Amino acid sequence: MSPRPARSSRPDPVPQRLRIHPQTAPAAARRVLRADQQRAVDSGVRGLRKPGSRGHMVSACGTGKTLIALRTAEALNARFLLVAVPSRDLIAQ
């Protein structure tokens with residue numbers, strides 16, 4: 001058995017109870033994007049491929065901003081995606 005690597009003294013930024021483990025997570029049905037959502041993904045990918053670029057998305061409630069961000073990150077082969085929300089009530093959505 002190989003020795004375990006030393007753990008960092010920094011606290012884990014993501015609590016274990018909030019982690020999703022791909023091996024144990026159930027496979028969810030993949031949503032099909034609407035035409036306007038696909039245009040937003042395409043636009044985001046074009047803009048964010050430029051070195052040093054940043055993005056900002058403004059869209060009405062319930063239009064799929066999180067899904068658009070996820071698909072944009074997938075298209076860019078991003079390793080991490082941060083979705084910030086202004087209240088705890090929105091986290092469950």
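### As for helix 2 (residues 65-75)
Along an α-helix, residues three or four apart share an orientation, since each turn contains 3.6 residues.
Line of reasoning, step 1. What helix 2 keeps buried is the set Leu67, Ile68, Arg71, Thr72 and Ala73.
Line of reasoning, step 2. Against helix 1 (35-48) lie the buried residues of helix 2.
Line of reasoning, step 3. Asn77 sits one or two positions beyond helix 2 and adopts a positive phi of about 55 degrees.

### Remarks on the side chain of Thr63
Line of reasoning, step 1. Inspection of the secondary structure puts Thr63 in the loop between helix 1 and helix 2.
Line of reasoning, step 2. A polar side-chain atom of Thr63 sits 2.6 Å from a polar atom in the side chain of Ser59.
Line of reasoning, step 3. Ignoring anything within four residues of it in the chain, the contact list for Thr63 reads Arg34, Gln37 and Ile68.

Cut-off values and rules
Residues numbered from 1 in each chain as written. Predicted model: local features only at pLDDT ≥ 70, side-chain atom pairs only at ≥ 80, totals over all residues. Heavy atoms only, no water. Buried < 20%, exposed > 50% of the residue type's maximum accessible area, 1.4 Å probe, protein only. Helix = DSSP H or I, 4+ residues; strand = E, 2+ residues; numbered from the N terminus. Contact = heavy atoms within 4.5 Å. Polar contact = N/O pair within 3.5 Å; in protein donor to acceptor, adjacent residues only side chain to side chain.

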